[in-house]
Amino acid sequence: MDQLYDYRARLLDQLESIPNEITRTVHAISPEKIHRPTQSDKMSPHQIIARLRNMEKHAYSARLQKIIAEESPSMETFPIERWEVEHYDPSESIESILNEYITIRHTELNLLRALSPHDWNRSGRHNTFGLRTVQWWAERSLEYATIQLRELRNA
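We now turn to the structure provided with this report. This is a predicted model, so every value here is computed, not measured.

### Let's talk about the overall build of the protein
Then, number 1: Along the protein, the regular secondary structure elements total 5 helices and 3 strands.
Then, number 2: For the protein, the N- to C-terminal ordering of α and β elements is α-α-β-α-α-β-β-α.
Then, number 3: In summary, the protein has a C-alpha radius of gyration of 16 Å against a globular reference of 15 Å for 155 residues, a match within 12%.
Then, number 4: In terms of its C-alpha atoms, the protein occupies a principal-axis envelope of roughly 50 × 30 × 25 Å.
Then, number 5: Within the protein, residue pairs in contact and separated by at least 24 positions form 74% of the contacts whose partners lie at least 6 positions apart.
Then, number 6: Looking at the protein as shown, the accessible area adds up to about 8600 Å², and 49% of this sits on carbon and sulfur atoms.
Then, number 7: Averaging the locations of the 20 positively and 23 negatively charged side chains of the protein gives two centres separated by 3 Å.

Rendered as structure tokens:
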């Protein structure tokens, strides 16, 4: 059990530290490149940050909150591409996007840190991924943020 507690503590530490890494990386990108697509992803750094924030807000954080609040909830896939067509705003400031992402992550961390060891195993059924736990969604959130950070570094 100690290994599991240690693993979850490291997971929380990584979830807490990645917004700072993303912020540092974004601030290192020159302003003229913020809206220029990266070579590997075809999305601009601005789009990458907006997508990261939107996935965190509408997918990962929403699912974590739902699983924690409800008993065995059902969850649908978040249609990020379709959502972006209607909601992406290229004029939104990078600082605004980053600040909202950091706030969302801070809220998630408060929820996760308050969980009992048993509550980390609470689960919900996703229409694509099947039955998944709080821990699995926290891991996916970190994995997604890490991938986006890698894309930003390529910018």
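### Regarding the layout of surface pockets
Then, number 1: Approximately 240 Å³ is the volume found for the largest pocket.
Then, number 2: At the level of elements, helix 2 (45–69), helix 3 (80–87) and helix 5 (134–154) are the ones that each hand at least two residues to the lining of the largest pocket.
Then, number 3: Among the residues making up the lining of the largest pocket, the classes are represented as 9 nonpolar, 3 polar and 4 charged.

### So, the nonpolar core
Then, number 1: Grouped together as the largest cluster of nonpolar side chains are 38 residues, with contacts concentrated most on Ile22, Leu112 and Trp120.
Then, number 2: Those elements that provide at least two residues to this core are helix 1 (2–27), helix 2, helix 4 (94–113) and helix 5.
Then, number 3: Setting aside anything within four residues of it in sequence, one finds Ile22 in contact with Ile49, Leu52, Leu98, Tyr101, Ala145, Leu149 and Leu152.

### Examining the packing of aromatic side chains
Then, number 1: Summed over all chains, the structure comprises 6 aromatic pairs.
Then, number 2: Aromatic pair Tyr60 and Tyr144: ring centres 5.8 Å apart, planes at 45°, arrangement tilted. Of the two residues, Tyr60 sits in helix 2 while Tyr144 sits in helix 5, which places them 84 residues apart along the sequence. Take Tyr60 and Tyr144: they sit in the same class, and that class is buried.
Then, number 3: Residues Trp136 and Trp137 carry aromatic rings whose centres are separated by 4.8 Å and whose planes lie at 85° to one another, so their mutual orientation is edge-to-face.
Then, number 4: In this structure Trp136 comes out as buried when scored by relative accessible area, which is 16%.
Then, number 5: One aromatic cluster in this structure is built from Tyr60, Phe129, Trp136, Trp137 and Tyr144.
Then, number 6: The ring of Trp136 is capped by Arg140, whose NZ or CZ atom sits 4.8 Å from the centre of that ring.

### Comments concerning the sheet that holds strand 3 (residues 130–133)
To summarise the sheet geometry, strands pair through backbone hydrogen bonds and adopt either a parallel or an antiparallel arrangement.
Then, number 1: Overall, mixed pairing links the 3 strands, which are arranged 1-2-3 in an open sheet. One side of each edge strand has no neighbouring strand; the edge strands of this open sheet are strand 1 (74–75) and strand 3.
Then, number 2: Running over the sheet, helix 5 touches strand 1, strand 2 (123–126) and strand 3 and is turned about 85° from strand 3.

### Details of unusual backbone geometry
Then, number 1: Unusually for a residue other than glycine, Ser72 sits at a positive phi of about 50°.
Then, number 2: Relative to the helices and strands, Ser72 is located in the loop between helix 2 and strand 1.

Parameters at a glance
Residues numbered from 1 in each chain as written. Predicted model: local features only at pLDDT ≥ 70, side-chain atom pairs only at ≥ 80, totals over all residues. Heavy atoms only, no water. Helix = DSSP H or I, 4+ residues; strand = E, 2+ residues; numbered from the N terminus. Rg over C-alpha atoms; globule rule 2.2 N^0.38 Å. Contact = heavy atoms within 4.5 Å. Areas by Shrake-Rupley, 256 points an atom, 1.4 Å probe, with all protein chains shown as cover. Lys, Arg positive; Asp, Glu negative; His and termini not counted. Charge placed at Lys NZ, Arg CZ, Asp CG, Glu CD. 1 Å grid on protein atoms, 1.4 Å probe; cavity = no way out; pocket = protein on both sides within 12 Å on 5 of 7 lines; lining within 4 Å. Points joined across faces, edges and corners; volume = space filled by probe spheres on them. Nonpolar A, V, L, I, M, F, W, Y, C, P; charged D, E, K, R; others polar. Core = buried A, V, L, I, M, F, W, Y, C linked by side-chain atoms within 4.5 Å. Buried < 20%, exposed > 50% of the residue type's maximum accessible area, 1.4 Å probe, protein only. Phe/Tyr/Trp six-rings, centres within 6.5 Å; stacked < 30°, edge-to-face > 60°. Lys NZ or Arg CZ within 6 Å of the ring centre and 35° of its normal. Pairing = 2+ DSSP bridges. Axes fitted to C-alpha atoms, helices over the stretch in contact; angles between N-to-C directions.

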